[in-house]
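Close look at the chain arrangement
Chain residues, written in single-letter form:
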Amino acid sequence: MLDISIVIPLYNEEESLPELVEWIDRVCTEHKYAYEVVMIDDGSRDNSWEVVKQLAAKYPAIKAIKFQRNYGKSPALYEGFKAASGKVVITMDADLQDSPDEIPELYRMITEDGYDLVSGWKKVRYDNAVTKNLPSKLYNAVNRRISGIKLHDMNCGLKAYRRKVIKSIEVYGEMHRFIPVLAKHAGFNRIGEKVVQHRPRKYGASKFGWERFINGFLDLLSVQFVSRFGKKPMHLFGALGSFIFLVGFILIAYLVIDKLNNNIPLTNKPVFYISLTIMILGTMCFFTGFVAELVVRNASDRNAYLTEEKIGL
Ligand code: UDP
Ligand code: MG
């Protein structure tokens, strides 16, 4: 089995590729790793694929996939993970912002220190301070709170995984930002961090803009929700719906008793209508739970569990 698979998603990165591959090859040859580079061209519209083909002819370690159109970084990683066959899988951006010199230490942390996942931490970052660095800090703080994973830089493109981790998780949509969360939910707890060198983008432009913070936040909520209630949605909707209904019911009960005592018509009180609305909301929430249960019951992976070990089977 190969020591390392380096998975590289790329979208319009023609200028960076030759230097990147040459650098990776230099580092891996120096350390005598048996390695492969899995490049996923995410529907580039420049010459990236031509460059990849030329490089593949020169470096036998290169394997490559070309998407017919641009799907996004997560789908690219998903295909890359499927193809990767190394003991340790390292992901890296194609834009030369991540340094291949980090590979040996990342590899060592997985194989010797026993980490399941090591995430890079761009402690000193060479991106625009206002549009990237500051929001990213804030965002990571929220992320740490909600997910409970103590990483400074959750979304760093440079990460190393034990093979089993990437084969256990499914990166989809834009979930590449939350691979550590997905890994944790799959039962991998040894998640480490390594300060990595970050470099300014030499060629091309960033592919992610402002909207990534909104999408990222919504995705974080989804990840948390699916992992906790994905297999038993009624536990959330049922409890929440019952609670909301009860609030409305108690209010109404109070109003009715009040009416019996003081004889003011119920319909003269705004609270009456508010309570009715609350009760309806609660009921709807409750029934959403039933619908969600029906959906889960039909999901093809409803009985897919990750097993750690088996004996005699
Ligand atoms: N990328 C991709 N598909 C996309 C957008 C980006 O494969 O739809 C790749 C891109 O080529 C790069 C990596 O994902 O290798 C990170 O993108 P970028 O450097 O633009 O992100 P930033 O460093 O600005 O956060
Ligand atoms: Mg970049």
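Note: the structure precedes this text.
Described in the following lines is the structure provided in the data block.

1. A look at the overall build of the protein
Each helix and strand counted, the protein has 10 helices and 7 strands in total. By its C-alpha atoms, the protein is 90 × 55 × 35 Å across when sized along the principal axes. Within the protein, buried positions represent 34% of all 313 residues. Of the contacts formed within the protein by residues at least 6 apart in sequence, a portion of 83% connects residues at least 24 apart.

2. Focus on unusual backbone geometry
Phi is positive for N12, which is not a glycine, with a value near 55°. Phi angles above zero are rare outside glycine, and L96 is one such case at about 70°. For L96, a count of 21 C-beta atoms within 10 Å translates into the label buried.

3. Some remarks on the packing of helix α5 (residues 129–147) against helix α8 (residues 211–229)
Between α5 and α8, whose axes approach to 11 Å, the crossing angle comes to 10°. By the criterion of interaxial angle, the relationship of α5 to α8 is roughly parallel. Between α5 and α8, the contacting residues are P135, Y139, N143, I146 and S147 on the first element and F213, G216, L220 and Q224 on the second. Looking at the contact of α5 with α8, its residues break down into 5 nonpolar, 4 polar and no charged.

4. Re the site of ligand 1
Close contacts around ligand 1 come from 17 residues, with P9, Y11, A94, S206 and K207 the closest. Of all elements in the fold, only β1 (4–10) and α3 (73–83) reach the threshold of two or more residues within the shell around ligand 1. When grouped by side-chain class, the residues that make up the shell around ligand 1 number 6 nonpolar, 5 polar and 6 charged.

Basis of the calculations
Residue positions within a chain follow its written sequence, with the count starting from 1. For naming, the first written chain is A and the first written ligand is 1, with later ones following in the order written. Restriction of local features to residues with pLDDT of at least 70 applies here, the model being predicted, together with a cutoff of 80 or more for giving and counting side-chain atom pairs; totals for whole chains, interfaces and linings are based on all residues. Secondary structure elements are defined from DSSP: runs of H or I of at least 4 residues count as helices, runs of E of at least 2 residues count as strands, and each element is numbered from the N terminus. Any residue surrounded by 20 or more other C-beta atoms within 10 Å of its C-beta is treated as buried, while 12 or fewer makes it exposed and the intermediate range makes it partly exposed; C-beta atoms here are placed from the backbone. By the convention adopted here, residues make contact when the C-beta atoms placed from their backbones lie within 7 Å. Where helices are involved, their axes are fitted lines through C-alpha atoms of the stretch in contact, as for all axes, and angles between N-to-C directions lie from 0 to 180°. Should an angle fall under 35 degrees it is called roughly parallel, over 145 degrees roughly antiparallel, and 65 to 115 degrees roughly perpendicular, with every other angle called oblique. When residue character is reported, Ala, Val, Leu, Ile, Met, Phe, Trp, Tyr, Cys and Pro are called nonpolar, Asp, Glu, Lys and Arg charged, and the others, Gly included, polar. To decide nearness, the C-beta atom of each residue is placed from the backbone, and the residue is near a molecule or strand if that atom lies within 6 Å of it.

Function cannot be read off these values alone, since they describe shape.
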